[in-house]
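Coordinate inspection notes
So the chains spell out like this:
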Amino acid sequence: MARNLLGIDIGGNCLKLVLTNGTKILNAVCVEMPDNLVIDGRIVSPDAMADLIRETMKANGMKCRDAALSVYGPSVYVRNITMPQMSVEQLEYNLPYEFKDYINDELKNYVFDYAMQSTLEELEMGTGERGTMDLFAVAVPKEMLQERSNLLRKAGLKLVKAAPDVSGYASLIRLMDPEGVRRKREYCVIDLGYNSIGMDMYRGDCHMITRVLDYGLHEMENIVADIFNVDIHLAHTYFLKNHEDCQNHERCKDMYDSIAVEMLRAVNFYSFNHPDSDLSDIWICGGGAEIPPLMDTIKTRLEMEVHSAAELIPDGDKLGRASLFVQAVGVTQD
């Protein structure tokens, strides 16, 4: 029997909570966070975040004990790796050393986990050179997990799962298009976030590559602040509410074009490195998906089939503002 599980996504300026029972979404809410509560993925005040989560749950009638958390930040590492076939015990011993060239801290300070990307048939036959296996691996600081666990406990929750958004997207792809996964169809999931834009490419449900673009909605807010000579807080409201049609201001439209061009470069880079690629579909999530002129520019520049994030979420067409909740839903799914 499926249990209730609270999916949590702590973004750059918004907290997203989704209450699920299996693939069924019972409730979803997004609230803006106080300024500077999260900086570069670091929660400045865990107590304040715990209060915000607890108060948001209470105000929206969300009753749950178990929580699943989407983790991200510069100290969270994800890698696609190929290793010789070995036992689980051998893999758990050897996996940390696959990150030694990426992590500056001591490996003992990290928790490592993995998902098998090779199928059973491929393992039996061997992938690439005979006797290898493909893995998606992740490394998360123990201190981060302990801090998040303590934070959630103060909010009345128990952390039962933590995973990067890359894993959540893969889970949603399996639910959305199981036949496409079997046929190794290609997918690109783009998160138009507040501080940056993440682009994740998949073949089936196997993660291929992640590209992070140093653009975000804050770029447009800075432009709006300059246009109207207001502070960034008021510019945030102006931009989201399209005050005096500011979303269509020429300076904002120039920024949309710059963002779309960088996306196109990332797609072309992927295609160049994967000559057999037939990537033709993208799914958009994040706050930027709610900005029509930005979406129009992306569709024009990329000349690809652009899908709503609602398609990634079970019954997402019934969920208001579905683009905001993709990570929070994804982390609750297997």
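Right, let's walk through the structure included here. (Residues numbered from 1 in each chain as written. Predicted model: local features only at pLDDT ≥ 70, side-chain atom pairs only at ≥ 80, totals over all residues. Heavy atoms only, no water.)

Some thoughts on the packing of helix 7 (residues 217–228) against helix 9 (residues 250–273)
The line we're drawing: Note on method: axes are straight lines fitted to C-alpha atoms, helices fitted across the in-contact stretch only, with angles between N-to-C directions ranging 0 to 180 degrees. Secondary structure elements are defined from DSSP: runs of H or I of at least 4 residues count as helices, runs of E of at least 2 residues count as strands, and each element is numbered from the N terminus. Under this scheme an angle from 65 to 115 degrees is roughly perpendicular, one under 35 degrees roughly parallel, and one over 145 degrees roughly antiparallel; angles in between are oblique. Left-handed is the label given to a crossing in which the near helix is rotated counterclockwise from the far helix by less than a right angle, and right-handed is the label when the rotation is clockwise. Note on contacts: a residue pair qualifies if any of its non-hydrogen atoms lie within 4.5 Å across the two residues. Only Asp, Glu, Lys and Arg are considered charged in this grouping, and only Ala, Val, Leu, Ile, Met, Phe, Trp, Tyr, Cys and Pro are considered nonpolar; every other residue, Gly among them, is considered polar.
Where helix 7 meets helix 9, the closest approach of the two axes is 10 Å, and the angle between their N-to-C directions is 165 degrees. Between helix 7 and helix 9, the crossing angle belongs to the class labelled roughly antiparallel. Once helix 7 is placed against helix 9, the crossing between them reads as right-handed. Along the contact surface, helix 7 presents Glu219, Met220, Ile223, Val224, Asp226 and Ile227, while helix 9 presents Arg251, Cys252, Met255, Tyr256 and Ile259. Tallied by class, the residues present in the contact of helix 7 with helix 9 amount to eight nonpolar, no polar and three charged.

Focus: helix 9
Formally: Between the first and last residue of a helix there are one fewer steps than residues, each counted as 1.5 Å, and that sum is the expected span. The rule is simple: take the accessible area with a 1.4 Å probe, protein chains only, and divide by the maximum for that residue type; under 20% is buried, over 50% is exposed, in between is partly exposed.
Between its first and last C-alpha, helix 9 extends 35 Å over 24 residues, near the 34 Å set by a 1.5 Å rise per residue. Those residues of helix 9 that sit buried are Cys252, Met255, Tyr256, Ile259, Ala260, Met263, Ala266, Val267 and Tyr270. Residues of helix 9 that are buried sit in contact with strand 11 (186–192), strand 12 (197–203), strand 13 (206–213), helix 7, helix 8 (232–240) and helix 10 (292–302).

A few points about the environment of isoleucine 259
Note that isoleucine 259 resides in helix 9. Overall, isoleucine 259 belongs to the buried group, its relative accessible area being 1%. Sequence separation of isoleucine 259 and threonine 297 is 38 residues, and the distance between their C-alpha atoms is 9.0 Å. Setting aside residues no more than four positions away along its own chain, isoleucine 259 makes contact with Ile197, Tyr215 and Met220.

Digging into the pairing of strand 1 (residues 4–10)
Applied cut-off: Two strands make a pair as long as DSSP finds a minimum of two bridges between them.
Strand 1 sits mainly inside the fold: six of its seven residues count as buried. Pairing geometry for strand 1 and strand 2 (residues 14–21), over seven bridges, is antiparallel. Across the sheet, isoleucine 8 pairs through a bridge with leucine 17, a residue of strand 2. Where strand 1 hands over to strand 2, the hairpin turn is made up of three residues, counted between the paired strands. With four bridges connecting them, strand 1 and strand 6 (residues 66–71) associate as parallel partners. Bridge pairing in strand 6 links aspartate 9 to serine 70.

A short note on the sheet that holds strand 14 (residues 281–285)
Pairing in this open sheet of five strands is mixed, and the strands run 13-12-11-14-15 from one edge to the other. The open sheet has two free edges, formed respectively by strand 13 and strand 15 (305–308), since each of these has just one partner strand. Taken over all neighbouring pairs, the strand axes of this sheet differ in orientation by 25 degrees on average, direction set aside. Bridge count between strand 12 and strand 13: seven bridges; the pairing is antiparallel. Paired with aspartate 200 across the two strands is threonine 210, which belongs to strand 13.

Thoughts on the pattern of salt bridges
To keep things clear, this is the line we draw: Note on definitions: salt bridges are taken to be side-chain nitrogens of Lys or Arg within 4 Å of carboxyl oxygens of Asp or Glu.
In the structure shown here, the tally under the stated rule is 20 salt bridges. Of the charged contacts, one joins glutamate 98 and arginine 79 as a salt bridge, the two residues approaching to 4.0 Å between their closest N and O atoms. With a gap of 19 residues between them, glutamate 98 in the loop between helix 2 (88–94) and strand 8 (110–116) and arginine 79 in strand 7 (residues 77–84) connect regions that are remote in the sequence. The salt bridge partner of glutamate 179 is arginine 182, with a shortest N-O separation of 2.8 Å. Highlighted residues: glutamate 179 and arginine 182, both in helix 6 (residues 178–182), separated by three residues, approximately one helical turn. A relative accessible area of 39% means that glutamate 179 is categorised as partly exposed.

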